[in-house]
Amino acid sequence: MADAGRPGSRAFPELAKTWVPPHELRRLAAYKVLASYDSNQAGQLAAAGGDAGALERRELGDAANLVDTALGYLLGSEQKVAVEGAEHADEAVPGAAEAAAVQDRLRKWADKELLTFRVQQAERAAVLLGDSVLALAWNPEKQRPTLRAYDPGFFFPQWDDEDDDFPTRVHLAWELPADDDAGLKARVRRVTYELGPISEGGEESTDGGGASGRMYPWEPGRTSNVTCYLTDAEWLLDDLKNGETLDRLPMGKASFRVRPDGTELNRLDLMIDFVPVVHIANTIPDGGEHWGRSVLARVLQALDELAATDSDSSAASATTGTPIIGLAGARLPVDRATGRPQELEVKAGAVWQLGETGRMDALDTSPQLAELRARVDHLLERIAANSRVTAAGLGTLDATEVPSGYALKLALGPLDALIGMMRLAREHKYRLLFKMVQRLYQAGRAEGWTAGETLPARLAWAPHTPTDRGAVLEEVVKAYGAGVLSLETAVMMLLEAGYPIKDASQEVERIRAKAEQEAAVRMAKAAARRGPGEDGEDQEESDEPGSAGGRARAEKGSEREPVSAGR
């Protein structure tokens, strides 16, 4: 990483291209180093950097296992789109019906766009590399926003001010290799999103002061003079000179891409006032920073030592299985062609003739092998502890060592804190993503999406560790029966505990409908038990509290179970 920017770098020759900004070289080199650990090629990368002995390094997938384990706990069993207030759709709560409708439309969009698949793509890159990128685009044919995950090595944001929360200009750039069969030379492609003032050729309205602007559907009554422009172009690498980096590429040598409808993608007005690109950081960035940290960052040295120990263990196991043997006084067979003694092979069934003073000694390396295996276990414990995934999270903790469930919960404490921090770092970014989805629907004038303020939506994660469902159910039954919890909250608690409830509001409706049906059945049975003699013209008289019929009915009714008992 220290020599990544040198033109003669053997480990990262592609980073010496003229179009790569110099201040991005270290970040791109870090991505390559982390990716090499994930693919068991860190030794080959070190060998390319000049360490010839690194080719013998044994890597057995410990880094990839750590990444996949952390990713599994982060994602949980499922992810759902949740709009605030949608759980009260069947109540007389203002805005609840609209929130439920938006939630239903967002979930249908998520199913069509394979949101769960895209999230897993982006999140694995974020956990491994520290960063990931999601980009949205309106598709006129599908009449919905499309979602795509990009490699963070393609992401080059441009900030006007380092204190800004979001960049006003974003490049997505990558190199396209040469294709001799198609006659194409090596080139670089750059997709640029840039916020700027609305040009005079676009749709304009006047806000009374003579300034041109546009009224966006998500901010009715407010005129904005800002829009987002899209440029998608390619440059031949042979045409680029030193100093012409990514943000200084010569536009005169650009070849612009064209949409299927024939529109050239050269500062195309997207009719939105935001950049539809979301950068997801794996951790909460430090002050003044924008990039996250990989889950491997703190344990890279431990992974190196683990690979070295595995290499030594492999060598020791070879001498243990096929030991080194010393012979004294042995009669060695002679090669008739050369007249020289033949080499002996250590194999099953071999017989060696020894003289009267002959002796055979074997080198026992099993104690060293046992020590190396103990060191492997020690290093795995250090990796689990320092990465905060914990031995219990990695599954290396012996179940017999856990005295109780409370002790297991304490053992998982660092993992809980790690997943809480990682989900907190993503909370705002996924809210921003769903806000952009709603606004793209509004900008595309899709059916059912009217003008108005964007509703807050988030990505709801399932619990990352198993929960005691029986204890949660008992708690919910007691709390709801005592009247300290609403039915909606009780159902949400069961949903979070892992019960197979797909939609909380629909489950509440089904519970209430079933309760009303059972109440109606009990009322019908109670009416049938009264008998036909109690109905008729004298019904009103017999129902009076002071009448004999009323007293008899009261005494008879006191012996029966109340209709609404327990409801």
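Our subject is the structure that appears above.
Since we're looking at a predicted model, the values are computed, not measured. Residue positions are given per chain, counting from 1 as you read along its sequence in written order. Local features in this predicted model are restricted to residues whose pLDDT is 70 or higher, and side-chain atom pairs enter the listing and the counts only when it is 80 or higher, whereas totals over whole chains, interfaces and linings include all residues. Only hydrogens and water are set aside; all other atoms, that is, all heavy atoms of the structure, feed into the side-chain values.

Draft legend 1. How the structure looks around the side chain of H171. The numbering of helices and of strands both runs from the N terminus, where a helix is a DSSP run of H or I of at least 4 residues and a strand a run of E of at least 2. If you trace the backbone, H171 turns up in strand 5 (residues 169–176). Within the structure, H171 has its side chain in polar contact with the side chain of T192 (distance 2.9 Å). Between N or O atoms, a polar contact is any pair within 3.5 Å; within protein, one atom must be a potential hydrogen donor and the other a potential acceptor, and residues adjacent in sequence are included only when both atoms are from side chains.

Draft legend 2. Representation of the nonpolar core. Counting residues in hydrophobic clusters, the biggest one holds 98 residues, and the most contacted among them are W19, W109, L115, L296 and Y430. No other element matches helix 10 (residues 413–443), which puts 13 residues into this core. Residues are treated as being in contact if the distance between any of their heavy atoms lies within 4.5 Å. Beyond its immediate chain neighbours, meaning those up to four positions away, Y430 contacts V119, E123, L134, I280, A457, L459 and W461. Residues belong to a common nonpolar core when they are buried Ala, Val, Leu, Ile, Met, Phe, Trp, Tyr or Cys residues joined through side-chain atoms within 4.5 Å. Buried, partly exposed and exposed residues are distinguished by accessible area as a fraction of the type maximum, computed with a 1.4 Å probe on protein chains only: under 20%, between the cut-offs, and over 50%, respectively. By size, the runner-up hydrophobic cluster in this structure holds 11 residues, among which are L487, A490, L494 and L495.

Draft legend 3. Local environment of the pattern of salt bridges. Any carboxyl oxygen of Asp or Glu that lies within 4 Å of a side-chain nitrogen of Lys or Arg is treated as forming a salt bridge with it. Under the definition given, this model contains 21 salt bridges. For D68, the salt bridge goes to R124, with nearest N and O atoms at 2.9 Å. Here D68, found in helix 3 (residues 62–75), pairs with R124, found in helix 5 (residues 115–129); they are 56 residues apart in sequence, far enough to count as distant. Residue class for D68 comes out partly exposed when judged on its relative accessible area of 39%. Taking relative accessible area as the criterion, R124 reaches 23% and is therefore assigned partly exposed. E194 is paired through a salt bridge with R169; the nearest N and O atoms lie 3.9 Å apart. With E194 in strand 6 (residues 187–197) and R169 in strand 5, the pair connects residues that are 25 residues apart, well separated along the chain. Given the relative accessible area of 26%, E194 is considered partly exposed. Among the charged side chains, a salt-bridge network with shared partners connects D38, D68 and R124.

Draft legend 4. Quick peek at the sheet that holds strand 13 (residues 277–281). If you trace the 3 strands from one edge of the open sheet to the other, you get 3-2-13, paired in antiparallel fashion. With one partner strand each, in any of the chains shown, strand 3 (144–150) and strand 13 form the two edges of the open sheet. Pairwise comparison of adjacent strand axes, ignoring direction, gives a mean angle of 25° for this sheet. In this structure, strand 2 (residues 131–139) lies alongside strand 3, joined through 7 bridges in antiparallel fashion. Looking at the pairing, N139 lines up with R144 of strand 3. Each of strand 2, strand 3 and strand 13 is contacted by helix 10, which is oriented at about 165° to strand 13, the strand it contacts most. Whether two strands pair depends on DSSP finding at least two bridges between them. Geometry is summarised by axes, namely lines fitted to C-alpha atoms with helices restricted to the contacting stretch, and by angles between N-to-C directions that run from 0 to 180 degrees.

Draft legend 5. Highlighting the packing of aromatic side chains. Think of it this way: a Phe, Tyr or Trp ring, Trp meaning its six-membered ring, pairs with another when their centres are within 6.5 Å, and the plane angle makes it stacked under 30 degrees, edge-to-face over 60, tilted otherwise. With the rule as written, the count across this model stands at 9 aromatic pairs. Plain terms: the ring middles of F155 and W291 are 6.1 Å apart, the flat faces sit at 80° to each other, and that makes the pair edge-to-face. One end of the pair, F155, is in strand 4 (residues 155–158); the other, W291, is in the loop between strand 13 and helix 6 (300–321), and 136 residues separate them in sequence. Residue classification places F155 among the buried residues on the basis of a relative accessible area of 4%. Members of the aromatic cluster, connected to one another through ring pairs, are W138, Y441 and W449. Two thresholds decide whether a charge sits over a ring: the Lys NZ or Arg CZ must be within 6 Å of the ring centre and within 35 degrees of the ring normal. Between the NZ or CZ atom of R27 and the centre of the ring of F156, over which it lies, the distance is 5.6 Å. If you follow R267 out to its NZ or CZ, it ends over the ring of Y229, 4.1 Å from the centre.

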